Amino acid sequence: MVKFGPSGNSNAFYDQGYKSSLDAPGWLRDMGLEAYEYSCTKGVKIRESTAVQLGEKARENNITLSIHAPYYLNLASPDEDKRRNSIRYLMESLQAARWMGAGRVVFHPGSCGKTGRAKALELAKDTLSRAIDQADGKGFGDIVLCPETLGKTNQLGRLEEIIEMCKLDSRLIPTIDFGHIHAYTLGGLKEKRDYLRVFEVIEEGLGRERLKNLHIHYSRVEYTGRGEKKHWTLADTRYGPEFEPLAEVLIEKDINATIICESRGTMAEDAAVLKEIYCKIRDKG
Ligand SMILES: [Zn+2]
């Protein structure tokens with residue numbers, strides 16, 4: 001079963017008078033959605049009692065939870081203190097995931113800095129192995145870590161780099177952010193075969209099982225020569241990539257992904273439209 005949901009809360013959620021994310025699972029179910037990515041991108045600040053309540057609400061409403069870890073972690077930092085702190089942010093995210101019963105923690109691996117891509121990847125893999133060991137030590141081994149493809153050209157997170165990281169341990173599942181791939185390839189996702197190629201590369205690197213359980217981010221993205229500039233909404237059709245060819249490939253390859261919409265401000269409404277597009281193509285099939 002493919003699941004659709006937003007990253008964080010839509011403007012409409014707040015406009016309708018809701019103030020707490022505890023109301024999000026019920027609100028999302030009423031929109032026909034199945035997933036919710038709780039954002040800890042500015043730091044893991046959620047309290048245990050709130051996280052536990054959010055988990056209960058999510059289960060009552062059949063909403064699958066994931067967490068997005070802080071943006072500022074950098075597994076590839078040349079500074080050992082920063083790498084150690086990055087492991088700590090991952091552990092805090094895993095702890096919050098445990099409290100709320102979230103099965104996945106999405107994270108941005110970091111940046112290439114001045115070290116160069118190859119060296120940055122080596123550092124990130126080393127830091128990630130240490131994080132996996134610590135996660136096991138703390139009893140978080142069953143929560144899936146999902147390194148994400150990133151959109152800026154100087155970030156560590158091209159598709160091939162994410163696959164290399166995921167080879168470290170079979171529990172790692174990539175977060176494939178198609179907006180980001182479109183941005184760092186400077187508009188590379190145009191036709192169905194461009195999406196197919198992404199899925200082929202993942203299957204070759206990580207096998208069918210992980211391909212079937214992908215974590216996916218989607219939004220339209222504006223980019224410059226340095227990659228990602230800004231996320232837009234589904235209505236902003238001057239920016240790609242298009243969702244239809246992606247939906248076709250997901251259906252053809254029978255992929256049970258969780259698809260998180262990261263539109264700016266309208267992520268939940270747009271997630272519902274993505275689901276509609278997906279279902280229409282599937283039912284026609
Ligand atoms: Zn992200």
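Quick caveat: nothing in here was measured; it's all calculated off a predicted structure.

Peer 1: Where do I start with the overall build of the protein in this structure?
Peer 2: Broken down by element type, the protein carries 11 helices and 12 strands. Considered along the principal axes of its C-alpha atoms, the protein spans approximately 50 × 45 × 35 Å. A burial count over the protein gives 57% of its 285 residues as buried. Counting only contacts in the protein whose residues sit at least 6 apart along the sequence, the fraction spanning at least 24 positions is 79%. Here the protein displays about 12300 Å² of accessible surface, and carbon together with sulfur accounts for 47% of that area. Side-chain charges of the protein comprise 42 positive and 42 negative groups, with the mean position of each set lying 3 Å from the other.

Peer 1: Whenever I open this one, the coordination of the zinc ion confuses me. Can you help?
Peer 2: Geometry reference: four tetrahedral donors at a metal, ideal angle 109.5 degrees. Six octahedral donors, ideal angles 90 or 180 degrees. Distances from the zinc ion to its protein donors, His68 (NE2), His108 (NE2), Glu148 (OE) and Glu148 (OE), fall within 2.1 to 2.7 Å. The coordination sphere of the zinc ion comprises 4 donor atoms, whose angles at the metal cover 53 to 147°; the geometry is irregular. Sequence spacing of the donors to the zinc ion: H-x39-H-x39-E. Highlighted residues: His68 in strand 3 (residues 64-68) and His108 in the loop between strand 4 (104-107) and strand 5 (110-111), separated in sequence by 40 residues. For the pair formed by His68 and His108, the shared burial category is buried.

Peer 1: How should I be thinking about the packing of aromatic side chains in this particular structure?
Peer 2: When we look at a pair of aromatic rings, we describe it by the centre distance and by the angle of the planes. Going through the model one piece at a time under the given rule, you end up with 11 aromatic pairs. Judged by centre distance (5.3 Å) and plane angle (75°), the ring pair of Phe13 and Trp27 falls under edge-to-face. With a gap of 14 residues between them, Phe13 in helix 1 (residues 11-15) and Trp27 in helix 2 (residues 24-30) connect regions that are remote in the sequence. Overall, Phe13 belongs to the buried group, its relative accessible area being 0%. On the basis of relative accessibility, which here comes to 11%, the residue Trp27 falls in the buried class. Through a chain of ring-to-ring contacts, the aromatic side chains of Phe4, Tyr218, Phe243 and Tyr278 assemble into a single cluster. Positioned above the aromatic ring of Trp232, the side-chain terminus of Lys230 is 4.4 Å from the ring centre. Over the ring of Trp232 we find Arg238, and its NZ or CZ is 5.0 Å from the ring centre.

Peer 1: Would you take a moment to explain the sheet that holds strand 12 (residues 258-261) for this structure?
Peer 2: The pairing of strands in a sheet happens through backbone hydrogen bonds and is either parallel or antiparallel. Ordered by their spatial adjacency, 4 strands build an open sheet running 1-12-9-8, and the pairing between neighbours is parallel. Of all the strands in the sheet, the pair left with one neighbour each is strand 1 (3-6) and strand 8 (175-177). Going from strand to strand, the sheet's axes swing by 20° on average, the running direction of each strand aside. Taken together, the 4 bridges between strand 9 (residues 215-218) and strand 12 define a ladder with parallel strand orientation. In the sheet register, Ile216 faces strand 12, and the bridge partner there is Ile259. Each of strand 1, strand 9 and strand 12 is contacted by helix 11 (residues 267-284), which is oriented at about 160° to strand 1, the strand it contacts most.

Rules of the game
Sequence order as written defines the numbering, with residues in each chain counted from 1. Restriction of local features to residues with pLDDT of at least 70 applies here, the model being predicted, together with a cutoff of 80 or more for giving and counting side-chain atom pairs; totals for whole chains, interfaces and linings are based on all residues. To get the side-chain values, take all heavy atoms of the structure and skip hydrogens and water. Strands are runs of DSSP state E lasting at least two residues, helices are runs of H or I lasting at least four, and both sets are numbered from the N terminus onward. Each residue gets one of three labels from its accessible area relative to the maximum for its type: buried under 20%, exposed over 50%, partly exposed in between, using a 1.4 Å probe on protein chains only. What makes two residues a contact is simply this: any of their non-hydrogen atoms within 4.5 Å. For the accessible areas, the method is Shrake-Rupley and the probe is 1.4 Å, while residue cover comes only from the protein chains on display. Neither His nor the chain ends is counted toward charge; the positive residues are Lys and Arg and the negative residues Asp and Glu. The atom standing in for a charge is NZ when the residue is Lys, CZ when it is Arg, CG when it is Asp and CD when it is Glu. Distances decide who is a donor: an N, O or S atom must be within 2.8 Å of the metal, or within 3.2 Å for Na, K and Ca. Water is not included, so sites may look incomplete. Under this scheme a four-donor centre is tetrahedral when all angles range from 85 to 135 degrees, a four-donor centre is square planar and a six-donor centre octahedral when opposite donors are above 155 degrees with the rest from 65 to 115, and any other centre is irregular. Any Phe, Tyr or Trp ring, taking Trp's six-membered ring, that has another such ring centre within 6.5 Å forms a pair; planes under 30 degrees apart are called stacked, those over 60 apart edge-to-face, and the others tilted. The criterion is that NZ of a Lys, or CZ of an Arg, lies within 6 Å of the ring centre and within 35 degrees of the ring normal, and then a charge sits over that ring. Pairing between strands requires that DSSP locate at least two bridges from one strand to the other. For helices, the axis comes from a line fit to the C-alpha atoms of the stretch in contact; other axes are also lines fit to C-alpha atoms, and the angle between any two N-to-C directions lies between 0 and 180 degrees.

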